[in-house]
Amino acid sequence: MLLGVNIDHVATLRNARGGVEPSVFDAAMICEKAGCHGITTHLREDRRHIKDADVRVLRPALKTRLNLEMAATDEMQKIALDLLPNNCCIVPERRQEVTTEGGLEVAGQLERMTKFVEPLVKAGIVVSLFIAPDEEQVIAAAKTGAQFIELHTGAYSEAFGTDKEEYEFSRLKNAAKLAQKLGLQVNAGHGLNYENVHRMHEIDGLYELNIGHSIISRAVFVGLEKAVEDMKNLIA
Ligand code: PXP
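None of the values given here were measured: they were computed from a predicted structure.

Our next topic: the environment of S214. Tracing the sequence through the fold places S214 in helix α9 (residues 213–222). Along the sequence, S214 and N6 sit 208 residues apart, while their C-alpha atoms lie 9.9 Å from each other. Residue contacts for S214: discarding those within four places in its chain leaves L192, N193, Y194 and M231. From its side chain, S214 meets the backbone oxygen of L192 in a polar contact 2.9 Å long.

Every buried residue of α9 is accounted for by S214, I215, I216 and A219. Packed against the buried residues of α9 are β1 (2–6), α1 (8–17), β8 (208–211) and α10 (224–235). Immediately beyond the C-terminal end of α9, within one or two residues, lies G223, with a positive phi of roughly 95°.

Membership of the largest hydrophobic core comes to 69 residues, with the highest contact counts inside it found for I90, L129, M200 and I215. Element by element, the count of residues in this core is highest for helix α8 (residues 165–181), at six residues. Those residues in contact with I215 that sit more than four places away from it in its chain are L3, V5, Y194, L224, A227, V228 and M231.

Basis of the calculations
- Residues numbered from 1 in each chain as written.
- Predicted model: local features only at pLDDT ≥ 70, side-chain atom pairs only at ≥ 80, totals over all residues.
- Heavy atoms only, no water.
- Helix = DSSP H or I, 4+ residues; strand = E, 2+ residues; numbered from the N terminus.
- Contact = heavy atoms within 4.5 Å.
- Polar contact = N/O pair within 3.5 Å; in protein donor to acceptor, adjacent residues only side chain to side chain.
- Buried < 20%, exposed > 50% of the residue type's maximum accessible area, 1.4 Å probe, protein only.
- Core = buried A, V, L, I, M, F, W, Y, C linked by side-chain atoms within 4.5 Å.

Here is the structure:
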């Protein structure tokens, strides 16, 4: 499995003081040096962490891939078509949420999502839809023209070590299998950490994991390069 590192929380820390430290750009360079396969940034509508200037500077400088997470809005579509990141991951977004809480509602707005995805794919961007591991959402995602889904692992991560773990894990496994049968490639992410990530190996054919919070948290103690290397070793 490949590792995409989400560096939003480096920007959160930088913005806490309104200055330039720690540098989001330098963080991305260190993650690449440590062997990650892509850099993920979520350009939120309220720009609470990643700013437009961050993605503009990162796009030409990255040697791996820029995965732009964004909401399905006209503004974000315009930015993506201008920036041309390698990957776009479409996520639901509510201003009040602390982080991306649920999966994208694709089944209930299939026509809108299909129209949203089309110009991005035409522009050569590899598009992924961030969805809950629900059969209905997987089937709908396969009809949109997106090449990937990213399965929301938040429920699994929360259930890890409890009597709900097997249930949540089986939802991920079944959703991945169905998606692959329908011709989609499958990524996963949210809430994955150094303890719970190992079970991702039990899901056949997972392409990439996008991990942010646990890596940046560990980096506080061991340094970013080592934190990325440790995760990469766990999922390789
Ligand atoms: N994937 C997506 C689509 C996300 O929105 C997030 C959180 O921003 C992540 C992965 C990473 O989640 P975490 O920070 O919990 O590792």
